[in-house]
Each structure stands twice: as structure tokens, then as C-alpha cells.
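One-letter residues, chain by chain:
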Amino acid sequence: MNGLVYLSNVVTLELDQAKCNGCLMCTIVCPHNVFEIVGKKAVIMKRDLCMECGACDKNCREHAISVRSGVGCAAGIINGILRGTEPSCDCSSSGNCC
Amino acid sequence: MHSDYITGSLSTTAGNVPRISTAWSVNDILNTVRIRWAIGRMNYKVEPGLYAVGNPDNDSEVFVTCNFKLTFDHVRKALSGMNSWVLILNTKGINVWCAAGKGTFGTKELISRVTKLDLSKIVTHRRLIVPQLGATGVSAHEVKEQTGFRVIYGPVRAADISEFMHNGMKATREMRSVEFPVWERMKLIPVELSYGRYYLFLVPALFILLSGLNRHGYSLDLAFANGLRSAFNLLVAYLAGLAVTPMLLPWIPFRRFALKGLLVGWVAALALYLLHMTGSGWVETVSWFLMIGGLSSFLAMNFTGSTTFTSLSGVQKEMKTALPVQIAIAALGVVLWVISKFLSV
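A. Spatial organisation of helix α11 (residues 220–248) of chain B. Residue and element names in this part refer to chain B. Counted at 1.5 Å a residue, the expected span for α11 with its 29 residues is 42 Å, and the 40 Å between its end C-alpha atoms agrees. Within α11, the axis deviates most sharply at A240, by approximately 40°. In this structure S219 caps α11, since a side-chain oxygen of it lies 3.3 Å from the backbone nitrogen of D221.

B. Spotlight on the state of the cysteines. Enumeration according to the criterion identifies 0 disulfides over all chains in this entry. Of all cysteine sulfurs, the one in A:C50 lies closest to A:C56, which takes part in no disulfide; the gap is 6.4 Å.

C. Representation of a nonpolar patch on the surface in the model. Residue and element names in this part refer to chain B. On the surface, L206, L209, L210, Y218 and L220 cluster together into a nonpolar patch covering about 520 Å² of accessible area. No other element matches helix α10 (residues 197–210), which puts 3 residues into the nonpolar patch. Structurally, the position occupied by L206 is in helix α10. A residue is classified by how much of its surface remains accessible, and L206, at 48% relative accessible area, is partly exposed.

D. Molecular detail of the interface of chain A and chain B. Listed by partner, the interface residues are 47 residues for chain A and 50 residues for chain B. Between chain A and chain B, roughly 4300 Å² of surface is buried when both sides are summed, and carbon and sulfur atoms account for 60% of that area. Counting across the chain A and chain B interface gives 1 salt bridge. Put simply, A:R61 and B:E145 hold a salt bridge, and the shortest N to O gap is 3.5 Å. Elements with a contribution of two residues or more to the side of chain A that touches chain B: α1 (25–29), α2 (55–58) and α3 (74–83) of chain A. Each residue belonging to the side of chain A that touches chain B can be placed in one class, and the counts come to 27 nonpolar, 13 polar and 7 charged.

E. Spatial organisation of the domain arrangement of chain B. Residues and elements named next belong to chain B. Under the domain assignment used here, chain B contains domain 1 (6–176) and domain 2 (182–343). Residue-level contacts link 7 residues of domain 1 with 7 residues of domain 2. Around 680 Å² of area is buried between domain 1 and domain 2 when both sides are counted, 60% of it from carbon and sulfur atoms. Contact with domain 2 buries surface across domain 1, with R36, W37 and A38 losing the most and accounting together for 69% of the total. In this structure, the connection of domain 1 to domain 2 is made through 0 salt bridges. If you look at where domain 1 meets domain 2, you find 2 residue pairs in polar contact (both at pLDDT 80 or more).

Scoring rules and cut-offs
- Residues numbered from 1 in each chain as written.
- Chains lettered and ligands numbered in written order.
- Predicted model: local features only at pLDDT ≥ 70, side-chain atom pairs only at ≥ 80, totals over all residues.
- Heavy atoms only, no water.
- Helix = DSSP H or I, 4+ residues; strand = E, 2+ residues; numbered from the N terminus.
- Expected span 1.5 Å × (residues − 1).
- Bend = angle between axes of the 7 residues up to and from the residue.
- Polar contact = N/O pair within 3.5 Å; in protein donor to acceptor, adjacent residues only side chain to side chain.
- Disulfide = S-S within 2.5 Å.
- Patch = residues over 30% accessible without salt bridge, like charges linked within 9 Å, V, L, I, M, F, W, Y side chains within 5 Å.
- Areas by Shrake-Rupley, 256 points an atom, 1.4 Å probe, with all protein chains shown as cover.
- Salt bridge = Lys/Arg side-chain N within 4 Å of Asp/Glu carboxyl O.
- Buried < 20%, exposed > 50% of the residue type's maximum accessible area, 1.4 Å probe, protein only.
- Contact = heavy atoms within 4.5 Å.
- Buried area = accessible area lost by both parts, 1.4 Å probe.
- Nonpolar A, V, L, I, M, F, W, Y, C, P; charged D, E, K, R; others polar.
- Domains from an automatic or database assignment.

Written out as C-alpha cells, the structure reads:
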């Protein structure tokens, strides 16, 4: 990842290993290879690479993973503050959007 | 509607399906360039629904994608020579990943399309190939439960589809990983620049206007001479935050984008100082370091929304300290700059 790592120890990713059935889904959907399977159970190997996209949470049938997902976007967060809503990149009014 | 990609129609047990070309027309290429400059970007859409590539039959694979035309173009190009179905979800013209984050590329929309189109009559297998980045919005087990179709997550990039198929529908680690190399960052720069186009004219105009101020009143000559210099300095700050920082991202020290932008802004300010562009007195020089630093830092921080690796928690943490500091130093810079007008002759 040639230096493209964001802040350490901030993400909200949690894994309850007791619930994991080793289905591999989290290792498939994660765009940053955060998970690995060790002894038939998922393990968070690279926590700081997590970008909180929420794909693992959404695709974990056993609900073993939880993460507060959302847009990691300063403009989106400012948008949310100004409108009193959750951070949102839904900036269709100005056409400024990801 | 641009529909020169539709080349005919294929009749199926569940009605006629438009057949699409896998080649790009000159128009497609020109439009891609236009969209990269954010012109009409929010309205570059394809009609959602089912499309045919080549001569698909009831055993051909179904590739799911969004209705952003730029994405659609890449998908159909990647399917060249492959008899297949393309199922387009209505994401309101937004790309797969962003739409998945918002939920428009999501479980509900996928289930409703599959049901409404009677897909189980068109194909006899029960497989849907969904781009991996769609996983943020799609819950594979819910789709399976409600439609009987198994979601197979395909590669991140459409260009890898052919290799993915040859690999027995298994995505390699490379196909599953999102990188953010320099050419991808550079492709985003036109869009970044276009978003601020109004400020890019408004703020320098204001500075040119104010440049005429001096202790004797107002001078048009001053407004012209110093105003253009000020406008140029602002442009440099703008490019430092929006173009240089994104491009050199991994090579600039610090993890926080605000600090990366501040550093690049100050290097730019130093260069301007050495070129005698920051005025004669130290007050104006300091004011330029503050304004350029603050602006570049803020703009660089906003680039977090375009990256592929920043988390919401991280950006919130960074902003908590960065935003007040950016506002404070930029405001102090403006105040010092105005004061400097009355200090010089």
C-alpha cells in the first residue's frame, strides 16, 4: 500500500470470534485485506487499514462483525454538521459528490 | 438519452432485452473526458434493467452493475466476447462504491430488480456476479434467502472480469484489493478542481478589489498591480491543496491530510516568497503564509472524500483539531493582509 495508511487506532471495527463460523465472506469483501482466517476463525490482522466501509458487517451472516460505517470524507462531515444530519456525501444540490 | 450502445434486441422467455455493444464510440470517449471534468457528471446515466452482451442463453452469467454510464462503459468493454447478461441497478447515476455506501446499490434494489425482471425465468442457474465494492450495500445472504440467487463477489475492477472468469470465478487477492496509485489520483484532479470553480473566481476577485485599499484611501492602480499578484498566490494555494497534495500523497510526511496540505502550502508560500510574490513588508509575507497554509490544508483535508482508504472515525478525529486551526490561521492571515494594506505606502 505504498504509504497510503490513515490514522492508527481510530476505527470502530469489532469482531466477536465466538460467533464466527469461518465462512470467509469478510476476507472476500474487504477491499483492504483486513481479515485473515486463522484456525477456521476470522482474525483482524490489519485494523489500521480498515476504512469503515461496512461490507464485512453487511455480509456476515452470523453477525460476528460490527463497524460504524460511513463516509470518510471531510466535506461530507461538514455537510452533516451544517444540516444537522449524519455525515453524508449526498451533496446533489451543488453537484459536488463522490 | 445516449443510446448508441444499443445494437439490437434479444427475445427471451421474459420479454425482449436490448443487446449492447462492447465497443466504445468516439462519443463515449469524448463523454468520458467531459465527465472527468465534472461537466454533467450527475446526469450521466443508463436506463436500469437487463441487457444482453452477444448471444446469452439461460446458462450465461449475470453481471450486476450500477447505472453510472462511465461504469457501464467499462463493464461492457470488459465483457467483450463473452455471451452474458448485464443487470443494471438504479443508483441514480452514481458509481457502485459510493452508491453502495448510500444503499442505492443495495440488497433491496437488487432483490426488487431480480424479482421484477423474472430473472429466474431467463436463466436456469442461480448466480449473480456482483462487483466486490457493491458489498458495502449488498447483503449476500439476504439476497439468497429472498431470491434464491447466490451472490458471487467479482473483482473490484471491471478490467479483471475476464481473468476472474478464467480463474473459475475466484478473485485473486490483487483483484480484491483497492489500491490508489498515482495515475488514479491524477484522474481525480480535474474533478477536484472543477468543484471549486466558483470560489476560484469569487475569492481572487474580492482580493483584487481589496488590494486597492491603502492609508490614503483607494487606488485602482494598486488594485490592479497587487490584486493580480494576490490572485496568483491564491491560485497557487488552491493547486497546492487540490492537485499537488493528492498527487504526491504517499510521499508527503504525516498521516493527517490537514498536515500534508499545510506542509505543501508552506513550501508553495516559501517559493512565492523567494519569487518576491508575498509583498514587501513582513506583515503581508506572514499573512500569505497563514492564508496559503490554511487554505491548502483545508482543501487537502477535503480530499479524504475522494480517497479509497480513509475512515469516517479517522476523518472526524482529524477534523476536530484541524478545522478550527485552519479557520483561525486563514482568518488571522486575512486580517494581517488587510492591515498590511494600511502599513505600506
